[in-house]
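Descriptive structure summary
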Amino acid sequence: RNLASLYLDLKAFERRLTEYIHCLQPATGRWRMLLIVVSVCTATGAWNWLIDPETQKVSFFTSLWNHPFFTISCITLIGLFFAGIHKRVVAPSIIAARCRTVLAEYNMSCDD
């Protein structure tokens, strides 16, 4: 194979990689927004749970029962992490990093 053919292959790879990462951006943005909303809800619920004077006087499960907003948002956040939201949020970065690693072995590089 000649150098021009390799150059065209590299350009095709770059276009396909850019296209794939670009297609991931809308879904990644939605997952990030969902993670932010649930995290803020959990933090707000945790703050209300911690400042409630009744929390110290009752059992742990009773205090969770008395604060359903915190309990539900915390369970939702844990469920999202078990479902792999942390991977979905950073998927484009993972793909680009893996491509950089492979291309570095051939003294090539790629930009995000």
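Residues numbered from 1 in each chain as written. Predicted model: local features only at pLDDT ≥ 70, side-chain atom pairs only at ≥ 80, totals over all residues. Heavy atoms only, no water.

Let me state the cut-off plainly: UniProt positions are given in the numbering used here, feature names are shortened, and annotations may be inferred rather than shown by experiment.
The name that an unreviewed UniProt entry assigns to the protein chain is Nuclear envelope phosphatase-regulatory subunit 1, with the source organism given as Crocuta crocuta. Recorded in UniProt under Sequence similarities (unreviewed entry), the annotation for the protein chain is "Belongs to the CNEP1R1 family."

**Considering the overall build of the protein chain**
This is how it is decided: Starting at the N terminus, helices and strands are each numbered in turn, a helix being any DSSP run of H or I of at least four residues and a strand any DSSP run of E of at least two. Put simply, the radius of gyration uses C-alpha atoms, and a globule should come to 2.2 Å times the residue count raised to 0.38. Residue burial is assigned from relative accessible area. The probe radius is 1.4 Å, only protein chains are included, and a residue is buried under 20% of its type maximum, exposed over 50%, and partly exposed in between. Any two residues whose heavy atoms approach within 4.5 Å at even a single point are treated as in contact. Methods summary: accessible areas were calculated by the Shrake-Rupley approach with a probe of 1.4 Å, and residue burial reflects only the protein chains presented. Only four residue types enter the charge count: Lys and Arg as positive, Asp and Glu as negative, with His and the chain ends excluded. Charged groups are reduced to one reference atom each: NZ for lysine, CZ for arginine, CG for aspartic acid, CD for glutamic acid.
Scanning the protein chain from N- to C-terminus turns up 5 helices and 0 strands. Element order for the protein chain, N to C, with α for helix and β for strand: α-α-α-α-α. The globule rule puts the C-alpha radius of gyration for 112 residues at 13 Å, and the 23 Å found for the protein chain is more than 25% above it. Taken along the three principal axes of its C-alpha coordinates, the protein chain extends 80 × 25 × 20 Å. The proportion of buried residues among the 112 residues of the protein chain is 26%. Contacts spanning at least 24 positions in sequence make up 66% of the contacts within the protein chain whose residues lie at least 6 apart. For the protein chain, the exposed surface amounts to about 8500 Å²; the carbon and sulfur share of it is 68%. Taken as two groups, the 11 positive and 8 negative side-chain charges of the protein chain have centres that lie 4 Å from each other.

**A short note on a nonpolar patch on the surface**
What counts here: What makes a patch is a set of residues exposed beyond 30% relative accessible area and free of salt bridges, joined within 9 Å when like-charged and within 5 Å when nonpolar (Val, Leu, Ile, Met, Phe, Trp, Tyr). What counts as a salt bridge is simple: a side-chain nitrogen of Lys or Arg found within 4 Å of a carboxyl oxygen of Asp or Glu.
Taken together, the side chains of Leu10, Phe13, Val102, Tyr106 and Met108 make up a nonpolar region of the molecular surface, amounting to roughly 470 Å² of accessible area. Positionally, Phe13 belongs in helix H1 (residues 3–51).

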